[in-house]
Amino acid sequence: MHDHPYVNLKYFDSNYECLSVWEKDELKLLSDFIQKVSNSNWFDIQRSCTKHQDKSVLPKSKKVENVSPDITFFELRVSIKARVHGFRSANAFFLCWLDRNHQIYPM
C-alpha cells in the first residue's frame, strides 16, 4: 500500500475523450495530477478515490473489454470538475478514460 504508483496509458481510450479537447490550463492540471500520483502512495490514493459499483455506466471500450471482470474501476479527481477513470494493477494506475466534465459519474 505504500508503494509509489505510476500512470500507465496502455488501456487509454481516446475515443471517449481525447487530450485534444482539454484546454491548456486543464492539461497543466492533468500534468500536475500525474506528478501527484507518482509522489503519492496507494494508501492515500485509495482514500481519495471513488470506486465504481456500477460498471455498466463506464464507456464501452474495445481496449478495456479484455480486462479481467474482477478488476475494480475507480475515478480520481484531477480538478474540481475533471476526473480520470481507470484501475489499479500492481503499482500501475491504468488510466482508461478522461472525464473533463465529470459526465461518466455525474456529481
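See the structure printed just above.
Residues numbered from 1 in each chain as written. Predicted model: local features only at pLDDT ≥ 70, side-chain atom pairs only at ≥ 80, totals over all residues. Heavy atoms only, no water.

A. Examining the nonpolar core more closely. By size, the foremost hydrophobic cluster in this structure holds 16 residues, and its most contacted members are L76 and V84. Counting only elements with at least two residues in this core, the list comes to α1 (24-38), α2 (42-48), β3 (73-77) and β5 (92-99). In terms of nonpolar packing, the next biggest core, distinct from the first, is built from eleven residues, V64, V67, F87 and A92 among them. (Core = buried A, V, L, I, M, F, W, Y, C linked by side-chain atoms within 4.5 Å. Buried < 20%, exposed > 50% of the residue type's maximum accessible area, 1.4 Å probe, protein only. Helix = DSSP H or I, 4+ residues; strand = E, 2+ residues; numbered from the N terminus.)

B. Region of interest: the state of the cysteines. A complete count under the given rule lists zero disulfides for this structure. Residue C49 stays outside any disulfide, its sulfur separated by 14 Å from that of C96, the closest cysteine. Assessed through its relative accessible area of 0%, C96 is described here as buried. (Disulfide = S-S within 2.5 Å.)

C. The arrangement of the packing of aromatic side chains in detail. Across all of its chains, the model carries six aromatic pairs by this definition. With a centroid separation of 5.4 Å and an interplanar angle of 70°, the aromatic rings of Y11 and F94 are classed as edge-to-face. With Y11 in the loop between β1 (6-8) and α1 and F94 in strand β5, the pair connects residues that are 83 residues apart, well separated along the chain. The pair Y11 / F94 is uniform in exposure class, with both members buried. On the basis of an interplanar angle of 20° and a centroid distance of 5.1 Å, the ring pair of F87 and F94 is categorised as stacked. F94 matches F87 in its accessibility class, with the two residues each being buried. Ring pairing ties together the aromatic residues Y11, F73, F87, F94 and W97, which thus form one cluster. (Phe/Tyr/Trp six-rings, centres within 6.5 Å; stacked < 30°, edge-to-face > 60°.)

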